[in-house]
Every structure is written in structure tokens, then in C-alpha cells.
Amino acid sequence: LPSCSATSSLSIVEEDLTPTQIYAQLREKMIPPSQQLSDLLTQIHHPPNLNSIDRAYATRRKNACGALKILSAKECNRLKICWTTGVLDAISSMLEDVDADIYDIFAKSANTEGRNRIVATLLNLSVNKKNRMLICNSPGVLQAMKKVILYDEGESRQGCCTVLMYLSKTPETRPFIVASPGLVEALSRVIEVPKPFPVVTDKKKKVYRNRYLKKFRAGSSSFDTGTVDSGDEEGSETDGEEEDGDTRSFVSTESSHSGSSNDSDNSDGHSVEEEDDCTFHTEATRTTNSTHQTKSTRGTLSIGTKSTTAKSAKTKSTIKSGKSMKSDIRSKASSVKKEVNENKVVEVEYDADPNRFLHGARLSTFACFLCLVKHKDNAFNLARCDFLIQALVEVSNKHTSPSHARAISLLAHLTRHPKNCHHLVFKYKTLLPALRNATGSFDGEARKYSLYALQNLSIDKSCRTPIGHTAKMIWSLTDRCKCAETEEEVVAAIATLQNLSDEPANLIQFTIVKDCVSTIITLSRGKPGEPMDLTAFMAKNTIVTLSHWFRKIATCGSERIGAKGNMKRIAKPGAPLELHGAVLQPTQYNQWA
């Protein structure tokens, strides 16, 4: 096998060639396969005329992938296998079938197992540094791994993320990984925070059946409003209005029970039925009372008006009790409806997923990004990936997760590129609050890298105002200066305050925060008995800068006053008043000498 050192790969990258041109040069150094290896690759490679994957083909393919995995497990075979023509093509062909439509359960299981074995083979090959440049530039390999990351949720996805982690450890391969279309977005999907999902509380509701329904239907046809005593005209009008409303509700209930099929789909049907059943009971009560009243009016005309008045009063009380019952049922029905229709949003714990392969894939993905972001051009390109930045900001807010510190460190490395500062601050509004919250994290690495990120962002003059005006930003930096656990945190915090003090719009923010100026003065004094360190030096610079802006405010307009010749002379005769120069002279108010 020809020599394929990392030095030759570096010379190829320095020529600024495309992956196709690089692969053409690397292909010249590849060797043809043996007959046995060629037969093995034929079983793995998906033929173009094969429309579906059956059980027999999936089983043969799985066994071939297992044989190749065993061969690549030996370290002495990895370089030779990877630089053999057709091996990487067969691997990409197997990975491409991750989203194939396989209806046979056994064939699908065999295809999944074969994919797991071929990913393990690719992982063994990527361990050797001399194979990484060839793997990244072989056509279809990176795109096939992208499909596996998107469509597989098991062992294959974790293996592909680990392969990319090994590939990103070589500086020459990092630009090709970032430049691969859609690969960074696919990796961002692995580390993103799961979206909260709504949960509908489906409580069992009591459905009341009215035993007076038949009696109401029979009596409603013969109900006569004229039988009510004429002395109760106001009550008759009120009852008539209620009757109309209850009749309408009865009709709507009849239609909903007879021809509607959507009553069981929502919670309104139960409340309506509950309300109308109560209406039936009320109407039945009124109908029964009115029927008895009619009989008594016809048969007892000679009794007098006292019995009639008593019965009408009894009818009134019955109707009023029915009205109160109806209002109570309506209020209960509305509360039940509100309870059922109220959706509760449940947030998923970031590290509570039962899929153990997902957690392994996340660890490999974070390690891969930490390698990729250390390249200057990659940092510029990664900062323009919306999926990645949003995922990192969301993970950085999960302070109880170990991935919290990894996300903050990635954001800090992205701020190392000067052209990323303005882009990150003004495009992603949630970045600054996330970094501010991370300054008070329980993780020491997260606190340190969040302060580093703020220090780099405050270098850009256009970013100083939004950073300084972020809620509790100056307070958080001041708190880090007072309660820092390491010297690195103090230096990064005071350096950020020094950068922010150079913006006059932040002057008020420094003055309104409690103990901010006093903390800076305390740091400027340094440690007693020791020479002035970097922290004290930057604290002194901060005080000087703040005093400069105060002096600017005090001397504003002095030049215009001097130009008009209206300067007053209070010191010595013939000496003008210099407002921009400090004068240590006491001032009196009409004091006698």
C-alpha cells in the first residue's frame, strides 16, 4: 500500500481543491480488492435494479457486514481495508438504505442489524488518522451518515456521531465536515432540547339522566299558560320567558342526541346534556304544578281566592328553586368545561430520555463541535447556522444538565471570531440572557466560559450598549467580581466591565447598580503587600474611563460659553474660568470675612 501520511493530505488541502479533485488524487493511491473481499462487497452494495429488500437479501447483507466488521477490528487491517477500492462505496450504500420502505419485520430487523455492523466498521476505520482524509472526501459517505443521524434513533446514530468526532480531530478534515450540506443541521437536531408537548386532562364527568323526561314530553303538549292565576301576571311573564329558553334548549338537546356523532369528541356535549337535564327537571316540576293548579281551579271555584293565592305562591317558590338550580348547574358546567379544555404543557427533561443511544450521540456530537469550532473559518460558518445556535442557547439554559457547560463553551469559542460578535448579539435575542444566567451557574466551567464569551462580545463597540442594557447584566458581573471562586472569573468579569465602561450609554447602568462602583474601587486597590496585578490594573482603567465620562458631562458647553466671551472670572483677575480643569477651591454663600 502506498504511503498516505498526514503531511501529504495537508499539502492537498493547501492547494485549495474541491473534494472531487482531492478524491481523484487520493484514488490513485488505492489498491484493488481481492476476490474474497470483492464477493463480500458485492453482497453489501445495493444493486441499482433491486426495488425492495426482502428477507433473504437482508440476511445475506447482514452477514457480509458482520464479516467486514470482524476484519476491520484488527488494527493491522484498517489501513488496507479503507484504501481498497469499493469499500467506502459499499459502506455508503448500506447507510443510504436507512429510510428504505421494508414491510417485512424480519427483513427490517436484519437491515437494522446490518447497518449497526457497517457503522461499527466505519468507526474502526476512522480511528486510523491516515484514513480520515479519504473518508471525508469519498463521495456519498458524509451524506449517508447525515441520513442515518436524521432517520435512525438507535445504535447507528450514536456510531455515526462518534465517527464524525474522530474525523473532526484531524485539522485537515474539519472544513469538509462543516461544508457538507445539511450535516451541521443534522448534528444540531441531536443536541437540541425536546419540545414541550401539551397534555389534555380528560376527567370523567357525571351524566345525569332525567326520569321525568317522558312525563315532560307528555305534559308539554297540553300545557296551557291561561290556567295560571291572573293575579300573578308578572310571574307568568317571567315563566313564559324561561319556558321559551328551556324549550329551545330541549330542542337543541333532542337534535344533539338524535343525529350528532360529535358529542363524544368534545367536552361540551356533557355539559350541555347536564344543563338540559336539569332544565327537564325544572320544566317537569312547573308542568306538574300547573296541571294540579288547573284541576283545583276547575273543581273548587267556591273555595275562594286564598287557596288560589297560596297555590300560586307555591308555584312561584318552585319556579325560583328551579331557576337557582339551573344557575348552579350552569356554573358547574362552565367550570368543568374550562378544566377539560385547559391544556397543560409538560416540559421534557433533557437527560431523562430512556434512549441510552441518544445520550451517547449527544456526547459525541458536543465533542465533534468542540473540535470543529477551533478552526477560524469553521467558527464563522457555524455561527451562521440557525439550528445550531438555537440548540446551544436552549441547552445552555438547562443548568442541571452536564451538557450545559459544553453548550456555553461552544458559544464562547464562537465569539473568538471578531466577525461573529455583532451577528450573534443582534440576531439571537436570547443569547445575552442565557450568558447572563450562566454567570451564576453551579458549574465552574460554565461560569468561566460565559464570562469569556461576554468579554469577547464587549470588544465590539456596537455590542456594548445591548450588553450593558441587558437586564441584570452589570449586576451579574459585579456579583462575579465579589463572589468569584477563581482568579480567572475575576479577571474576565472586570475585563468585561472595563470594555462596557468605554460606552457612554452604559454610564447610568454602572451608577444604578448597588455596590458596582465600590466593588471596582476595592479591586483597584489590589491585595495589600503585593504588587499590582492585572485585576487591579483593569479596575483602575474602569474608574478612569467612568470619571472621563463624568468630566465630559460636567464640561459640556464650556467651549461655546468661552467662544461668546461670557466667561466669568472668579479666581484671579484676568484668569478665565476653566470648567474642564478641576479647581480645589471652597465656595461660600454670602459669608462675612
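This is a predicted model, so every value here is computed, not measured.

Conventions we followed
Residues numbered from 1 in each chain as written. Predicted model: local features only at pLDDT ≥ 70, side-chain atom pairs only at ≥ 80, totals over all residues. Heavy atoms only, no water. Helix = DSSP H or I, 4+ residues; strand = E, 2+ residues; numbered from the N terminus. Buried < 20%, exposed > 50% of the residue type's maximum accessible area, 1.4 Å probe, protein only. Contact = heavy atoms within 4.5 Å. Areas by Shrake-Rupley, 256 points an atom, 1.4 Å probe, with all protein chains shown as cover. Polar contact = N/O pair within 3.5 Å; in protein donor to acceptor, adjacent residues only side chain to side chain. Axes fitted to C-alpha atoms, helices over the stretch in contact; angles between N-to-C directions. Parallel < 35°, antiparallel > 145°, perpendicular 65-115°, else oblique. Left-handed = near helix turned anticlockwise from the far one by under 90°. Nonpolar A, V, L, I, M, F, W, Y, C, P; charged D, E, K, R; others polar. Arc of directions from axis to C-beta. Disulfide = S-S within 2.5 Å. Phe/Tyr/Trp six-rings, centres within 6.5 Å; stacked < 30°, edge-to-face > 60°. Lys NZ or Arg CZ within 6 Å of the ring centre and 35° of its normal. pLDDT = per-residue confidence, 0-100. Salt bridge = Lys/Arg side-chain N within 4 Å of Asp/Glu carboxyl O.

Draft legend 1. Spotlight on the overall build of the protein. Along its length, the protein carries 30 helices and two strands. In the protein, which comprises 593 residues, the proportion classed as buried is 41%. Taking contacts inside the protein between residues at least 6 apart in sequence as the whole, the part at least 24 apart equals 76%. Of the roughly 33,100 Å² of accessible surface on the protein, 54% is carried by carbon and sulfur atoms.

Draft legend 2. Focus on the side chain of Ser138. Considering the arrangement of structural elements, one finds Ser138 in the loop between helix H8 (129–137) and helix H9 (141–151). Here the side chain of Ser138 touches Leu134 through a polar contact of 2.6 Å, landing on its backbone oxygen. Residues within four places of Ser138 in sequence aside, it is in contact with Tyr23 and Leu88.

Draft legend 3. Structural view of the packing of helix H23 (residues 444–457) against helix H25 (residues 473–483). One can describe the packing of H23 onto H25 by two numbers: an axis separation of 12 Å at closest approach and a directional angle of 125 degrees. Taken together, H23 and H25 sit at an angle that is classed as oblique. Of the two possible hands of crossing, H23 and H25 adopt the one that is left-handed. Residues Arg447, Leu451 and Leu454 of H23 lie in contact with H25, whose contacting residues are Met473, Leu477 and Arg480. Tallied by class, the residues present in the contact of H23 with H25 amount to four nonpolar, no polar and two charged.

Draft legend 4. How the structure looks around the side chain of Ser396. Along the chain, Ser396 falls in helix H19 (residues 386–396). Overall, the relative accessible area of 0% leaves Ser396 in the buried class. Not counting the four nearest positions on each side in its chain, Ser396 is found in contact with His404, Ala407, Ile408, Leu411 and Ala434.

Draft legend 5. Examining helix H24 (residues 461–468) more closely. Taken together, the buried positions of H24 are Cys463, Arg464, Ile467 and Gly468. In an axial view of H24, the angular spread of the buried residues amounts to 125 degrees, which keeps them on one side of the axis. Contact partners of the buried residues in H24: helix H21 (420–427), helix H22 (431–438), H23, H25, helix H26 (487–501) and helix H27 (507–512).

Draft legend 6. Local environment of helix H2 (residues 19–27). Taken residue by residue, H2 has Ile22, Tyr23 and Leu26 as its buried positions. Looking straight down H2, one finds its buried side chains confined to an arc of 100 degrees; they lie on one side.

Draft legend 7. Structural context of the state of the cysteines. One pass over the structure, following the stated rule, counts zero disulfides. Looking at Cys136, it has no disulfide partner, and the nearest cysteine sulfur is the one in Cys368, 9.6 Å off.

Draft legend 8. Fine view of the packing of aromatic side chains. Applying the stated criterion across every chain, the model contains one aromatic pair. When the ring of Tyr449 is compared with that of Tyr452, the centres are 6.0 Å apart and the planes differ by 90 degrees; the resulting orientation is edge-to-face. Here the residue Tyr449 and the residue Tyr452 both occupy positions in helix H23, the gap between them amounting to three residues, near one helical turn. Residue classification places Tyr452 among the partly exposed positions, given a relative accessible area of 27%. Here the guanidinium or amino end of Arg362 rests over the ring plane of Tyr350, the centre of that ring lying 4.0 Å away.

Draft legend 9. View of the environment of Leu71. Tracing the backbone shows Leu71 in helix H4 (residues 55–73). With residues up to four places along the chain from it excluded, the contact list for Leu71 reads Leu40, Asn77 and Ile81.

Draft legend 10. The arrangement of the environment of Gly159 in detail. Mapped onto the secondary structure, Gly159 falls in helix H10 (residues 155–168). The class of Gly159 is buried, set by a relative accessible area of 10%. Expressed as a C-alpha distance, the spacing of Gly159 and Leu123, which sit 36 residues apart in the sequence, is 6.9 Å.

Draft legend 11. Focus on the confidence of the model for the protein. Here the protein averages 77 in pLDDT, while 66% of its residues score no lower than 70. Predicted confidence for residues 336–342 stays below pLDDT 50, and this span has 11 contacts to residues more than four positions away or in other chains. The model gives residues 564–571 a pLDDT under 50, and that stretch makes 10 contacts with residues more than four places away or in other chains.

Draft legend 12. How the structure looks around the pattern of salt bridges. Enumeration over the complete set of coordinates arrives at 17 salt bridges. In this structure, the salt-bridge partner of Arg480 is Asp479, at a minimum N-O distance of 3.7 Å. The class for Arg480 is buried, based on a relative accessible area of 9%. Salt bridges here are not isolated pairs; linked through shared partners, they connect Arg447, Asp479, Arg480, Glu485 and Glu489.

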